[in-house]
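One-letter residues, chain by chain:
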Amino acid sequence: MKGPGWSDREPASPFFVDSEVERLLRVLLWWPPDSLADIDDPSAHLMRSKPDLVRMRAQCSALVRAYEGAGVDVVLCRAPAPPNAIFVRDLFTMSPRGAWTARMATQQRRGEEGPLLRQLAALDVPVLGCPVVETFEGADLLYAGPSDLLLGVGQRTSAVAALSAFAGLQGLRVHPVPVPAGCQHLLGAVTFFDRRRALVRTERVEDAVLEALRALAIDIVPVPEGPEVHEGRGMNLVALAPGRVLMPADCPRIKGLLEDEGVHVLSADVSEYLAADGGIGCLTGILSREKSTP
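K.L.:
Honestly, the environment of Ala241 in this entry has me stumped. Any pointers?
P.N.:
Secondary-structure assignment places Ala241 in strand E12 (residues 238-241). Relative accessible area serves as the criterion here: at 16%, Ala241 is assigned to the buried category. Sequence-wise, Ala241 and Ala276 are 35 residues apart; in three dimensions their C-alpha atoms are separated by 27 Å. Contact partners of Ala241, with chain neighbours within four places excluded, come to Val21, Glu22, Arg23 and Phe193.

K.L.:
Explain the pairing of strand E11 (residues 219-222) to me, please; I cannot follow it from the model alone.
P.N.:
Consecutive residues of a regular strand have side chains that alternate between opposite faces of the sheet. Of the pairings in the sheet, the one linking strand E10 (residues 197-200) to E11 comprises 4 bridges and is parallel in character. Residue Ala198 lies in a different strand from E11, and its bridge partner there is Ile220. Each parallel crossover has a hand, and the one from E10 via helix H4 (residues 207-215) to E11 is right-handed.

K.L.:
For this particular structure, what's the right way to read the nonpolar core?
P.N.:
Note on soluble globular proteins: their nonpolar side chains tend to be buried together. Ranked by size, the top nonpolar core spans 58 residues in total, and within it Leu63, Tyr67, Tyr273 and Leu287 carry the most contacts. Residue contributions to this core peak at 6 residues, all from helix H1 (residues 53-69). Apart from residues no more than four positions distant in its own chain, Tyr273 is found in contact with Pro32, Met56, Gln59, Cys60, Leu63, Ile86, Phe87, Gly278 and Leu283. Val179, Ala189, Leu216 and Ala239 belong to the second-largest nonpolar core, a separate cluster that totals 23 residues.

K.L.:
It is not clear to me how the pairing of strand E1 (residues 24-30) should be interpreted in this structure. Could you clarify?
P.N.:
Of all the 7 residues making up E1, 5 are buried; the element is thus mostly covered by neighbouring parts of the structure. Summarising the sheet, E1 and strand E15 (residues 285-289) pair through 4 bridges and their orientation is antiparallel. Across the sheet, residue Leu28 finds its bridge partner in E15, namely Gly285. At this point the chain moves from E1, through H1, to the parallel strand E2 (residues 73-77), and the crossover so formed is right-handed.

K.L.:
Would you mind showing me how to read the side chain of Ser19 here?
P.N.:
For Ser19, the position within the fold is in the segment before E1. Polar contacts involving the side chain of Ser19 include one to the main-chain amide nitrogen of Val21, which spans 2.9 Å. Non-local contacts of Ser19, meaning those with residues more than four positions away in its chain, are made with Tyr143, Arg289 and Ser292.

K.L.:
Before we go on, may I ask you to explain the pattern of salt bridges in this structure?
P.N.:
For side chains of opposite charge, pairing can occur when their charged atoms come near one another. Across all of its chains, the model carries 17 salt bridges by this definition. Connected through shared salt-bridge partners, Arg48, Arg233 and Asp277 make up one network.

Reading guide: rules and limits
- Residues numbered from 1 in each chain as written.
- Predicted model: local features only at pLDDT ≥ 70, side-chain atom pairs only at ≥ 80, totals over all residues.
- Heavy atoms only, no water.
- Helix = DSSP H or I, 4+ residues; strand = E, 2+ residues; numbered from the N terminus.
- Buried < 20%, exposed > 50% of the residue type's maximum accessible area, 1.4 Å probe, protein only.
- Contact = heavy atoms within 4.5 Å.
- Pairing = 2+ DSSP bridges.
- Right-handed = clockwise from strand over helix to strand, strands pointing away.
- Core = buried A, V, L, I, M, F, W, Y, C linked by side-chain atoms within 4.5 Å.
- Polar contact = N/O pair within 3.5 Å; in protein donor to acceptor, adjacent residues only side chain to side chain.
- Salt bridge = Lys/Arg side-chain N within 4 Å of Asp/Glu carboxyl O.

This is the structure in structure tokens:
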């Protein structure tokens, strides 16, 4: 029974995502923590080489300016955290009603979930849940449309998580596909840059990925294997709006591919993040985008 003064709760959350490309409104970045300076063996932390903490922080500040210059609100978390917490995309995926948080697959990244959950709570982000036994990482979950999710199944995200944790949730259709060998996450092989258009490593992905994309009416733009993909992380970008992206600098071939598709390309130096084995897509947690148009 509704008592005096009752007012119904507003159904909409300011934290909303149902697309990889609609206009970006708000992101979460993690200020490179002091723990990066304590690394002795980079490979033991899943990194290529030890990042220069001072340079990485300068690059983080430049990214904040780049996003803000594009009209994006940036939440910069300065809480202490393990080194790889800088790659926020892995730690959660936003939905139309709140966040799905990760249970990281590797021992090195165990413990990142706690600081992330505290940050989401501080922002009053609704948390829908997270796996408690199986593993799931946010960069394996991609919106192919407002009702369709591609979920990469591999070493980081389990098939059980794909079939039980997300299937049917909130009316979303989940399409499990294999993460290609040599890719950490599905995000490393499929990157949406516009409505119904995606860069795809067609030489690396299995036929099941291509079939799923075609079934969902996604136009595939092939990206050849090479240094810009492997070392430069040129595909590891973030869509600022349909046909407008922010990507790592010094990847002219991939930049040219995008420009040939009519995409407006902005770039930023993230060389110290590349040393830690991640790019702009990896380090950007998406908190909200505009709702997809019908």
